[in-house]
Amino acid sequence: QVQLVESGGGLVQSGGSLRLSCLASGSIFGLNVMRWFRQAPGRERELVAGISSSGATNYGDSVKGRFTISRDNGKNTVYLQMNSLKPEDTAVYYCNAHRLISPSNFWGQGTQVTVSS
């Protein structure tokens, strides 16, 4: 199993910044794609950003140019730098990890991000 622990959420004013961290532990051999998702009340969970083991990244349209995903393989940690935050970014942010061997999909417990206007 893989355990994922997110941190760094909180309350920030519109236009501010936060950096989320996700620490992976346990059976991390074969971890490849790491992703951040978010879910706001009454809405479906949506992809925010993803990063492969080689560093290739992709972003949801609503965060392109404002958020940056990165990973430190030596520290088994993936980061999400969030700049120019908007009230509509308010959500619970979840870390997700995909592993090449089964079981292959893991989720963290989530961290709340609240952006005030």
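What this report covers is the structure whose coordinates are included nearby.

Procedures and definitions
- Residues numbered from 1 in each chain as written.
- Predicted model: local features only at pLDDT ≥ 70, side-chain atom pairs only at ≥ 80, totals over all residues.
- Heavy atoms only, no water.
- Patch = residues over 30% accessible without salt bridge, like charges linked within 9 Å, V, L, I, M, F, W, Y side chains within 5 Å.
- Areas by Shrake-Rupley, 256 points an atom, 1.4 Å probe, with all protein chains shown as cover.
- Salt bridge = Lys/Arg side-chain N within 4 Å of Asp/Glu carboxyl O.
- Helix = DSSP H or I, 4+ residues; strand = E, 2+ residues; numbered from the N terminus.
- Buried < 20%, exposed > 50% of the residue type's maximum accessible area, 1.4 Å probe, protein only.
- Pairing = 2+ DSSP bridges.
- Phe/Tyr/Trp six-rings, centres within 6.5 Å; stacked < 30°, edge-to-face > 60°.
- Lys NZ or Arg CZ within 6 Å of the ring centre and 35° of its normal.

A cluster of nonpolar side chains, contributed by Phe 29, Leu 100 and Ile 101, occupies part of the molecular surface with about 380 Å² of accessible area. Following the sequence through the fold, Leu 100 ends up in the loop between β9 (91-99) and β10 (105-107). For Leu 100, a relative accessible area of 62% translates into the label exposed.

Further remarks concern the pairing of strand β1 (residues 2-7). When a strand is regular, its side chains alternate between the sheet's two faces. Here β1 shows a clear split, with Val 2, Leu 4 and Glu 6 buried on one side and none of Gln 3, Val 5 and Ser 7 buried on the other. Sheet topology places β1 next to strand β3 (residues 18-26); six bridges connect them, and they run antiparallel. Across the sheet, Ser 7 pairs through a bridge with Ser 21, a residue of β3.

Should their charged atoms come close, side chains of opposite charge can pair. Across all of its chains, the model carries four salt bridges by this definition. In this structure, Asp 89 engages Arg 38 in a salt bridge whose closest nitrogen and oxygen atoms are separated by 2.9 Å. On the criterion of sequence distance, the pair formed by Asp 89 in the loop between β8 (77-82) and β9 and Arg 38 in strand β4 (residues 31-39) is long-range, its members being 51 residues apart. Arg 38 carries the same exposure label as Asp 89, and that label is buried. Across the pair Asp 61 and Lys 64 runs a salt bridge, and its minimum N-O distance is 3.1 Å. Across the pair, exposure class does not vary: Asp 61 and Lys 64 are exposed alike. One salt-bridge network, held together by shared partners, links Arg 38, Glu 46, Arg 66 and Asp 89.

The tally for this structure, following the rule as stated, stands at two aromatic pairs. Ring centres of Tyr 94 and Trp 107 lie 6.5 Å apart, and the angle between their planes is 85°; this geometry places the pair in the edge-to-face category. Highlighted residues: Tyr 94 in strand β9 and Trp 107 in strand β10, separated in sequence by 13 residues. A cation over a ring is seen here: Arg 45 above Trp 107, with NZ or CZ 4.6 Å from the ring centre.

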